[in-house]
Amino acid sequence: MKISPVELDVALEHHPAVAEAAVCAYPDERLGEKICACLVLQADAEAPTLEALQAYLLEQGFAKFKLPERLQMLEQLPRNPLGKVQRFSLQESIS
């Protein structure tokens with residue numbers, strides 16, 4: 001099933017603890033791929049748990065199949081010279 005990563009990115013960036021967010025896929029034997037949420041936190045913010053983040057997204061109206069099943073905290077998101085997030089770099093770093 002296709003899921004818009006930008007839709008999840010924007011929703012995650014509205015979380016009070018999150019400065020930047022990008023989701024990416026990671027391999028899964030049964031489903032093919034699952035979703036990982038890669039987060040850069042606000043200064044001095046406490047990292048949310050995966051369960052808290054999933055509950056937040058459910059409150060925002062997301063379907064369960066769109067929820068991330070893994071969480072990765074980063075100092076910064078990998079970007080190209082134009083500032084676009086490089087999702088392939090995220091996938092390489094979490095696989």
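Fair warning: this is a prediction, and the values are worked out from it, not measured in the lab.

Caption draft 1: Here's a closer look at the nonpolar core. Counting 14 residues, the largest nonpolar core has Leu8, Leu12, Val23, Ala37, Leu39, Leu57 and Phe62 as its most contacted members. Beyond its immediate sequence surroundings of up to four residues, leucine 57 is in contact with Leu8, Ala11, Leu12, Phe62, Leu67 and Pro68.

Caption draft 2: Here's a closer look at the environment of alanine 25. Mapped onto the elements, alanine 25 comes out in strand β1 (residues 18-28). Alanine 25 sits 18 residues away from glutamate 7 along the chain, and the two C-alpha atoms are 14 Å apart. Excluding anything up to four places from it in sequence, alanine 25 contacts Glu33, Lys34, Gln91 and Ile94.

Caption draft 3: Representation of the sheet that holds strand β3 (residues 70-73) within the structure. Sheet architecture is open: 3 strands sit in the order β1-β2-β3, paired in mixed fashion. Edge positions in the sheet fall to β1 and β3, since each of these pairs with one other strand and no more. Taking each pair of neighbouring strands and ignoring which way they run, the sheet shows an average axis angle of 25°. Along the sheet face, helix α1 (residues 5-13) touches β1 and β2 (32-41) and points at about 140° away from the line of β1.

Caption draft 4: Representation of the pairing of β1 within the structure. Within β1, 8 of the 11 residues are buried, which leaves the element mostly enclosed by the surrounding structure. Relative to β2, β1 runs antiparallel, the two sharing 10 bridges. Bridge pairing in β2 links valine 18 to leucine 41. Here β1 folds back onto β2 in antiparallel fashion, the turn holding 3 residues.

Caption draft 5: Expanded view of the confidence of the model for the protein. Model confidence for the protein is summarised by a mean pLDDT of 93, while 97% of its residues fall at 70 or above. Across the protein, helix α2 (residues 50-59) holds the top mean pLDDT of 97, while helix α3 (residues 87-94) sits lowest at 90.

Calculation notes
Residues numbered from 1 in each chain as written. Predicted model: local features only at pLDDT ≥ 70, side-chain atom pairs only at ≥ 80, totals over all residues. Heavy atoms only, no water. Core = buried A, V, L, I, M, F, W, Y, C linked by side-chain atoms within 4.5 Å. Buried < 20%, exposed > 50% of the residue type's maximum accessible area, 1.4 Å probe, protein only. Contact = heavy atoms within 4.5 Å. Helix = DSSP H or I, 4+ residues; strand = E, 2+ residues; numbered from the N terminus. Pairing = 2+ DSSP bridges. Axes fitted to C-alpha atoms, helices over the stretch in contact; angles between N-to-C directions. pLDDT = per-residue confidence, 0-100.

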